[in-house]
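Structural overview
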Amino acid sequence: MYKHLEESTSLTMKQMPKSEQPYEKFLESGAESLSDAELLAIIIRTGTKNERSIDLARKVLNISNTQDNLLAVTKLSLKELQRIKGIGQVKAVQIKCIAELSRRISKTNAKSKLCMNNPHTIADYYMEDLRFVNQEVTLLIMVDTKNQFLNDKVISKGTVNSSLISPREIFLESLNNQAVHIILIHNHPSGDPTPSKEDVLATRRIKEAGELIGIMLLDHIIIGDRKFVSLKELGIL
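Residues numbered from 1 in each chain as written. Predicted model: local features only at pLDDT ≥ 70, side-chain atom pairs only at ≥ 80, totals over all residues. Heavy atoms only, no water.

As recorded in an unreviewed UniProt entry, the protein chain goes by DNA replication and repair protein RadC and comes from Lachnotalea glycerini. The record in UniProt for the protein chain states the following under Sequence similarities (unreviewed entry): "Belongs to the UPF0758 family." (UniProt positions renumbered as here; feature names shortened; annotations may be inferred.)

**Quick word on the overall build of the protein chain**
When its secondary structure is counted, the protein chain shows 10 helices and five strands. Excluding contacts between residues fewer than 6 apart, the proportion of contacts in the protein chain whose partners are at least 24 apart in sequence is 58%. When the accessible area of the protein chain is evaluated, it comes to approximately 13900 Å², of which 52% is carbon and sulfur surface. (Helix = DSSP H or I, 4+ residues; strand = E, 2+ residues; numbered from the N terminus. Contact = heavy atoms within 4.5 Å. Areas by Shrake-Rupley, 256 points an atom, 1.4 Å probe, with all protein chains shown as cover.)

**Details of the packing of helix α7 (residues 89-111) against helix α8 (residues 119-130)**
One way to put it is that α7 packs onto α8 with a least axis distance of 8 Å and a crossing angle of 165 degrees. With respect to each other, α7 and α8 are oriented roughly antiparallel. Here α7 runs over α8; the crossing is left-handed. Across from R103, S106, K107, A110 and K111 in α7, the residues of α8 making contact are D124, Y125, E128 and D129. (Axes fitted to C-alpha atoms, helices over the stretch in contact; angles between N-to-C directions. Parallel < 35°, antiparallel > 145°, perpendicular 65-115°, else oblique. Left-handed = near helix turned anticlockwise from the far one by under 90°.)

**Section: a nonpolar patch on the surface**
Taken together, the side chains of Y23, F26 and L27 make up a nonpolar region of the molecular surface, amounting to roughly 320 Å² of accessible area. The exposure class assigned to F26 is partly exposed, which follows from its relative accessible area of 37%. (Patch = residues over 30% accessible without salt bridge, like charges linked within 9 Å, V, L, I, M, F, W, Y side chains within 5 Å. Salt bridge = Lys/Arg side-chain N within 4 Å of Asp/Glu carboxyl O. Buried < 20%, exposed > 50% of the residue type's maximum accessible area, 1.4 Å probe, protein only.)

**Quick word on the packing of helix α3 (residues 36-44) against α7**
Packed helix pairs are specified by the crossing angle of their axes together with the interaxial distance, meaning the distance between the axes. Packing of α3 against α7 brings their axes to within 9 Å, and their N-to-C directions diverge by 125 degrees. Classified by the angle between their axes, α3 and α7 sit oblique to one another. With respect to the hand of their crossing, α3 and α7 are arranged in right-handed fashion. In this structure, α3 contributes L40, I43 and I44 to the contact, and α7 contributes K91, Q94, I95 and I98. Of the residues assigned to the contact of α3 with α7, the class counts are five nonpolar, one polar and one charged. (Nonpolar A, V, L, I, M, F, W, Y, C, P; charged D, E, K, R; others polar.)

**Considerations on the nonpolar core**
I122, Y126, I141, I183 and I185 are the most contacted members of the largest nonpolar core, which has 17 residues in total. Elements that contribute at least two residues to this core include exactly α8, β1 (137-143), β3 (181-187) and β4 (216-223). For this core, the element with the highest residue contribution is α8, accounting for six residues. The residues touching I122, leaving out its near neighbours within four places in the chain, are L114, C115, M116, I141, I183, I185 and I221. (Core = buried A, V, L, I, M, F, W, Y, C linked by side-chain atoms within 4.5 Å.)

**A short note on α8**
Within the span of α8, buried status applies to P119, T121, I122, A123, Y125, Y126, M127 and L130. Packing partners of the buried residues in α8 comprise α7, β1, β2 (149-157), β3, β4 and β5 (228-230). For α8, the N-terminal capping position is held by N118, with its side-chain oxygen 2.9 Å away from the main-chain nitrogen of H120. (Polar contact = N/O pair within 3.5 Å; in protein donor to acceptor, adjacent residues only side chain to side chain.)

**A short note on the pattern of salt bridges**
Considering all chains together, one arrives at eight salt bridges under this definition. Between K207 and E211 there is a salt bridge whose closest N-O contact spans 2.7 Å. Taken together, the positions of K207 and E211, both in helix α10 (residues 197-213) and four residues apart, correspond to about one turn of that helix. K207 sits in the partly exposed class, given a relative accessible area of 26%. A residue is classified by how much of its surface remains accessible, and E211, at 51% relative accessible area, is exposed. Salt-bridge contacts for R226 lead to D225; the nearest nitrogen and oxygen are separated by 4.0 Å.

Rendered as structure tokens:
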């Protein structure tokens, strides 16, 4: 009953002047003509008793107080979204689902260009998965004799600034997948992908261990915020 009462007193996009209705603007000029707030307003659909859906959309976009507000929205949790007056659980879930769908679309596009010999394509593919993670995560990418992707697996989750990499787990997993080559990739939550001394030492240790059992470490890629470093390109491998 309360849900119906809330919907009956909320301001919908249809109550806005036609020239200000994002839905109508979409039909007339296409999605590319809409601002970030207008696109989000279409997802939100309804406002509250005192605010239109586009007003709520602007509040969502402005909650982070950063220049890149649209990307910042993807980092917001359900609880953080629901702290915005007018954003309940349903709207928060809708926003999170759109963010996840966008991430998957981006990853699907990057997958078509994925090349195990090209660190740029690998970084592009995993960037959206790792750039917003608030702790270090290490992924193992396994490759066959023809440098074709076999599988990947999270092998370590660390704290804010450290990740414990187990060479034993790396090579057990690689052998189970019949991998001949491997690539390591991990994120720096700080956004700066510059390798630490520990990153370099761990990379060299794993490379040497792999050579003893015939599994070559092709690269170790560190993901930052929209940038990455390849230890192979740096000459460390």
